[in-house]
Amino acid sequence: MMNSIQFKKKKTAIAVLAILSPLMTNLAYAEEKAKQETEVIVVTGIKGSLVQSLNNKRFSDSVYDGISAEDIGKFPDQNVAESLQRITGVSIDRSSGEGTTVSIRGFGPEFNTVTLNNRTVPTDNGGRGFSFDLLASELISGADVYKTSQASRVEGSIGGLVNVKTARPFDLDGFKAVGSIKGVHDTLVSDTSPSASLFIGQNFDDKFGLLASFSYLQRDARADSISVGGWREDTVTTSNDPADSANKIQAYRPQSAEQVLETQDRERIGATLTAQWSPVDDLLVTGDFLYSALEVEDRNSSLSRWFSNPIFNANVDENGTVNSLSRVPKPLVSQGVFQLWENGNRLGTGQWNSSSQNSDSRDVETTTLGINVEWNVDDNLVIELDAHKSSTSGRSGNNARVALSNPTQDVTNFALSDDGFQWNGPEKDFIGNPSDYYPNNVQFTSDDRDDDITEVKLDAHWQLDDMGILDSIKTGFSYSDREKIANNGETSWGTVVTAFNGFRYNPPASVLSLTSPKGGFLSDYGGLVNNFYTYDVQDLVDFLSDPNGGVREQAVNVGHQIINNFENGDPTYSTLAEAQTAADAATANALAKIDAAQAFMPEGQSGNSLGIFSPLHRVDKSWRVGEETIAYYLEANLVGEAWSGNVGVRYVETETTSFGNGTEIVNITYNSAIGDGPLNTASGKDISANAKYDKFLPSLNFRWNVNEDIVARMGWSQTLTRPQLSQLTPNQDYKGKETANSQGIPEFDGTITGSNVELKPYLATNFDLSLEYYYADDSTIALAYFNKSIKDWIAQGNSQRTLSLPYIVDGVSQGNKDFVFDASLPINVEDSDATGIELSVLHAFDNGFGVQANYTYMDSDSEAVPGEEVQGALTGLSKNAYNVIAFYEEGDIQARIAYNWRSEYLSCTSCLRGEPVTVEDYGQLDMSASYTINENFEVFVEGVNVTDEDRREYSRFSSRFVSLQDTGARFSVGVRGQF
């Protein structure tokens, strides 16, 4: 939709030439003495993997941890993120039971940088956080986690830098071929899914080498969950009389509640191709290509209740939380007509239950093409040039947001339980009669993301002779050009969606079918529905789109509703004739809306099966952000008799250009017959904005070999994390709706949300201390302390804005009326501070057994406190986290069992009706075992979440339940061969 950004490049060529000249004439490099002394680890298996990672840690000048493949094509876990969580200070988030993103030292994925072979990785989301489910673990040879910064490493991480590595042909000793095949089974589904990988490479005497790898995964997954749609402060009645005014109090009650059956078909294909060429001894050229494709077909069938006033029989706890309630029915008089008045009194809106069909499908392709040239100019000088072009395209089209609603004919009840909630009523009353379901929302969305990165790095390393403690100097230049585009679409709200909403049109009962999930729905909890109605959304689309399908004949329901209101005391009209005139006008208006909707066709969508419901491009929700970064660094490596270290500075210039589209408010159109008044908006003018900043980022790392077994470290640095790219758009979005309360008086609920291109990056000053005792080649104890002082913290700034808007009631203009909106925009706010302690132990016994354990304690003045303001709180911070891993490796048998636990953490500060969400403490047990049949083949079994733990979330207090999700356990059985 948008033209590519034309960045200003006028300084780039000059900068490259300026730095090349001194690099080529004055600088030289050889590897640091400490790293020269690092022994080569050739042992494979569990112990070999741990020992290699241990040696990398021991001889690093930085505070470092890592993971290594047990052998070529054999990674410790099914997912790279699930291996990273075994590292001290690293925690992960999961999606459908699979690790996706990492937090380091309490800082979420947006604060951490993930690189692939030291190159920035594009993402398919609106931010910078990499999703590890895009990358097959079979393609990976290891991952480094740097917890302290160096001037020579890419900036952008306050938490830590994760560098994921793929294997190189020169890592091989001649020819190597490895293949595996396994079956993957999730306990909540019936089928077993296939997974396979192949790795083949040849090293031709370190002169030329080729390596290719391939992986394939097809997985059927299911997740059962229950949730509430946020908590809102409202007036509730504590007695059993909805009209009792003497027993009304203010309390927080749930906005809605639902149970969701989510099923997924996940297919992932990954491949790498790497070539290395050394035409002469002093020159090494490496070219590599990576391709990853992930396709997720996601379907959510949900059963929900929307709680509107009046709410009675409310039981309120000491935190002001409604933990049980009752709702009045929504009596159905005839097709599309409801009892809204009785003896001159306005009744409550009434309760309805909805059967929704939603989808969040995802189709992502990632490619990266890179070249690296390393030239040993002489014995002291090494120059390295690295360049890559990487891109990710994420497509998420025609995702359904469809709800059919059933008006309940009896009082309904809801109650929180120990872990979730119960409906507290017969199942048959909840699901109702299939012939009484009405469209409450029929809409489809699309969300397309493109992220393109071009990077060039030039580094020079100069080994110095006879310079005392000054051992070597590194210097370099890097240039990055990144462009992220988001194109969003949705079914036309004003022309199509609103034409069929409002409990007016009754599709045939044959559209719905009764579904019973295998094994029941969260059968361990009870009080939920195990049989409910689902439907094919295409059938509903066809019914509403067909001029001869019966929808037009039901338009008269709108007029019948007005007459029913009048006959039961609605004072809007003084005579039956006035009411009939209004009814005829409302019917004609409904017919006109249906005609307009059925004649509508989004541009370019004539061949789409969704027809009039095809997503229409929303320029106001689409954006484009370009980010151009230039960095220079200088780093000195220092070496003494029993110590080493580095000191340096990195200078960074960042320029951001963003493009979007402003939203304009048209009016608010209130329909008194149904008590509904949507805020109508239209796309505005194209807008753009620019921002620029520069930073000096100094760093210091020091390592002291206290004796041959004990290593002490100290680190100090300044680091930055840039705002999320989606936060840098100029867009602002307006949403709102007027709804009649229990007295029939319209009440407005409106929000303004958006971004802020002027956001400054987070800037942290970091201090680290660590002490490590290596009492054997394969055993260690380590203790670390760290502190991070952060300024320019980004949080949502909340305020209220009053707008004077055109107001239309029942088709008649009322002039302008003031409406109050809740505005929420990201801003730079107060400073923050985080402190932590890490303890890790690795011990290998002589009998093949071993244990690995670690513990992390975090404390922050930005830690979320139950019941208090959390706008500036640190997301992803678990105060306590630990891992305990036991392993056995002897002869032909290998086995590992790992338990990972983290305490509760804040996942977002303002996400459900402006309220926070906290994830409860969670622990998961994983296992793996293998048996070597002969030198070529082994069989293995793997288990993830073998005890089937559930994930629970709450809002400000634990009693304010938000969600509970069960993804089941996942098991794999397979065979691996190597030649």
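Residues numbered from 1 in each chain as written. Predicted model: local features only at pLDDT ≥ 70, side-chain atom pairs only at ≥ 80, totals over all residues. Heavy atoms only, no water.

### A short note on the overall build of the protein
When helices and strands are counted, the protein shows 9 helices and 51 strands. Across its three principal directions, the C-alpha atoms of the protein cover 105 × 60 × 55 Å. In the protein, of all internal contacts separated by at least 6 residues, the share reaching a separation of at least 24 is 73%. When the accessible area of the protein is evaluated, it comes to approximately 38,600 Å², of which 53% is carbon and sulfur surface. Between the centroid of the 75 positive side chains of the protein and the centroid of its 134 negative side chains there is a distance of 3 Å. (Helix = DSSP H or I, 4+ residues; strand = E, 2+ residues; numbered from the N terminus. Contact = heavy atoms within 4.5 Å. Areas by Shrake-Rupley, 256 points an atom, 1.4 Å probe, with all protein chains shown as cover. Lys, Arg positive; Asp, Glu negative; His and termini not counted. Charge placed at Lys NZ, Arg CZ, Asp CG, Glu CD.)

### A few points about helix α7 (residues 537–545)
Turning to α7, its buried residues are Val 537, Gln 538, Leu 540, Val 541, Phe 543 and Leu 544. You can read the cap of α7 off the contacts: a side-chain oxygen lies 2.9 Å from the backbone nitrogen of Gln 538, and it is on Asp 536. (Buried < 20%, exposed > 50% of the residue type's maximum accessible area, 1.4 Å probe, protein only. Polar contact = N/O pair within 3.5 Å; in protein donor to acceptor, adjacent residues only side chain to side chain.)

### Concerning the pairing of strand β16 (residues 322–327)
In terms of burial, β16 is largely enclosed, as 6 of its 6 residues are buried. Across 4 bridges, strand β15 (residues 311–316) lies against β16 in antiparallel orientation. Paired with Val 316 across the strands is Val 322, a residue of β16. A loop of 5 residues connects β15 with β16, the two strands running antiparallel in sequence, and Gly 320 in this loop sits at a positive phi of about 75 degrees. In this sheet, strand β25 (residues 412–416) lies alongside β16 in antiparallel orientation, the contact comprising 4 bridges. In the strand pairing of β25, Ser 324 is matched with Ala 415. (Pairing = 2+ DSSP bridges.)

### Remarks on the packing of helix α6 (residues 493–500) against helix α9 (residues 576–599)
Geometry of a packed helix pair, given as the angle between the helix axes and the separation of the axes. Running from N to C, α6 and α9 cross one another at 125 degrees; their axes reach a closest spacing of 8 Å. With respect to each other, α6 and α9 are oriented oblique. Crossing of α6 against α9: the hand is left-handed. Together, Thr 495, Val 496, Ala 499 and Phe 500 of α6 and Lys 593, Ile 594, Ala 596, Ala 597 and Gln 598 of α9 make up the contact between the two elements. (Axes fitted to C-alpha atoms, helices over the stretch in contact; angles between N-to-C directions. Parallel < 35°, antiparallel > 145°, perpendicular 65-115°, else oblique. Left-handed = near helix turned anticlockwise from the far one by under 90°.)

### A word on the sheet that holds strand β5 (residues 119–120)
On the basis of which strands lie adjacent, the open sheet formed by 5 strands has the order β1-β6-β7-β4-β5 and mixed pairing. The sheet is open, and its two edges are formed by β1 (64–68) and β5, each paired on a single side. As paired strands, strand β4 (residues 112–116) and strand β7 (residues 160–165) are joined by 5 bridges and run parallel to one another. The partner of Thr 113 across the bridge, within β7, is Leu 161.

### Section: the side chain of Thr 408
Mapped onto the secondary structure, Thr 408 falls in the loop between β24 (399–407) and β25. On the basis of relative accessibility, which here comes to 3%, the residue Thr 408 falls in the buried class. Dropping the residues within four chain positions of it, Thr 408 is found in contact with Pro 329, Lys 330, Pro 331, Gln 351, Trp 352 and Asn 353.

### Overview of the pairing of strand β49 (residues 951–954)
Sheet topology note: the strand β46 (residues 915–919)/β49 ladder contains 2 bridges and is antiparallel. Looking across to β49, one finds that Val 919 is bridged to Glu 953. As judged from the 4 bridges shared by β49 and strand β50 (residues 961–966), these two strands associate in the antiparallel manner. Its bridge partner being in β50, Glu 953 is matched across the sheet by Ser 963.

### Considerations on the side chain of Ser 53
By secondary structure assignment, the location of Ser 53 is in helix α3 (residues 45–58). Note on Ser 53: relative accessible area 10%, which makes it buried. Excluding residues within four positions of it along the chain, Ser 53 makes contact with Tyr 64, Gly 66, Ile 67 and Ser 68.

### Notes on the nonpolar core
Within the largest apolar cluster, 62 residues are counted, with the highest numbers of intra-cluster contacts made by Phe 414, Phe 421, Phe 444, Phe 500 and Phe 613. In contact with Phe 421, other than residues within four places in its own chain, are Ile 226, Ser 227, Val 228, Ala 257, Glu 258, Phe 414, Ala 415, Leu 416, Gly 526, Leu 528 and Phe 961. In this structure, Val 80, Leu 134, Ala 143 and Leu 294 belong to the second largest nonpolar core, which totals 27 residues. (Core = buried A, V, L, I, M, F, W, Y, C linked by side-chain atoms within 4.5 Å.)

### Let's talk about the sheet that holds β15
Read across the open sheet, the 4 strands follow the order β15-β16-β25-β26; overall the sheet is antiparallel. The strands lining the two open edges of the sheet, one partner per strand, are β15 and β26 (421–422).

### Some thoughts on the pattern of salt bridges
Applying the stated rule across the entire model yields 43 salt bridges. In this structure, the salt-bridge partner of Asp 265 is Arg 299, at a minimum N-O distance of 3.6 Å. Here the residue Asp 265 occupies a position in strand β13 (residues 256–277), and Arg 299 occupies one in strand β14 (residues 283–306), the gap between them amounting to 34 residues. For Arg 299, a relative accessible area of 36% corresponds to the partly exposed category. The partner of Asp 451 in a salt bridge is Lys 484, and the shortest N-O contact between them spans 3.4 Å. In this pair, Asp 451 sits in strand β27 (residues 438–463) while Lys 484 sits in strand β28 (residues 470–490), placing the two residues 33 residues apart along the sequence. The buried category is assigned to Asp 451, whose relative accessible area is 0%. Taking the relative accessible area as the measure of exposure, Lys 484 reaches 0% and is therefore buried. Bridged by salt links that share partners, the residues Lys 57, Asp 65, Arg 105, Lys 147, Asp 768 and Glu 838 form one connected network. (Salt bridge = Lys/Arg side-chain N within 4 Å of Asp/Glu carboxyl O.)

### Re the confidence of the model for the protein
Within the protein, residue pLDDT values average 88, and 93% of them lie at 70 or more. Every residue in residues 1–43 scores below 50 in pLDDT, and together they form 88 contacts with partners more than four places removed in sequence or on other chains. (pLDDT = per-residue confidence, 0-100.)

### So, the packing of helix α8 (residues 556–567) against α9
Between α8 and α9, the least distance of the axes is 7 Å, while the angle of their chain directions is 155 degrees. By the angle between their axes, α8 is roughly antiparallel relative to α9. For the pair α8 and α9, the sense of crossing is right-handed. Contact residues: α8 offers Val 556, Val 558, Gly 559, Ile 562, Ile 563 and Phe 566, while α9 offers Leu 576, Ala 579, Gln 580, Ala 582, Ala 583, Ala 586, Thr 587 and Ala 590. Residues of the contact of α8 with α9, tallied by class, amount to 11 nonpolar, 3 polar and no charged. (Nonpolar A, V, L, I, M, F, W, Y, C, P; charged D, E, K, R; others polar.)

### Section: the packing of aromatic side chains
Scanning all chains against the criterion turns up 32 aromatic pairs. Residues Tyr 734 and Phe 821 carry aromatic rings whose centres are separated by 6.4 Å and whose planes lie at 85 degrees to one another, so their mutual orientation is edge-to-face. One end of the pair, Tyr 734, is in strand β35 (residues 732–740); the other, Phe 821, is in strand β40 (residues 812–828), and 87 residues separate them in sequence. On the basis of relative accessibility, which here comes to 14%, the residue Tyr 734 falls in the buried class. (Phe/Tyr/Trp six-rings, centres within 6.5 Å; stacked < 30°, edge-to-face > 60°.)

### Some remarks on the environment of Tyr 855
Take Tyr 855: it is sitting in strand β42 (residues 849–860). Spatially, the C-alpha atoms of Tyr 855 and Leu 839 are 5.2 Å apart, while their sequence positions differ by 16 residues. In contact with Tyr 855, not counting residues within four places along its chain, are Thr 88, Ile 837, Glu 838, Leu 839, Asn 880, Ala 881 and Tyr 882. Here the side chain of Tyr 855 touches Asn 880 through a polar contact of 2.4 Å, side chain to side chain.

### Quick word on unusual backbone geometry
Omega for the peptide link from Asn 309 to Pro 310 comes to 5 degrees, which places this bond in the cis form. You can see Pro 310 is positioned in the loop between β14 and β15. Positive phi, close to 55 degrees, is recorded for Arg 105, a residue that is not glycine. Tracing the sequence through the fold places Arg 105 in the loop between β3 (98–104) and β4. Even without glycine at this site, Asn 313 takes up a positive phi of about 55 degrees. Assignment of secondary structure puts Asn 313 in strand β15.

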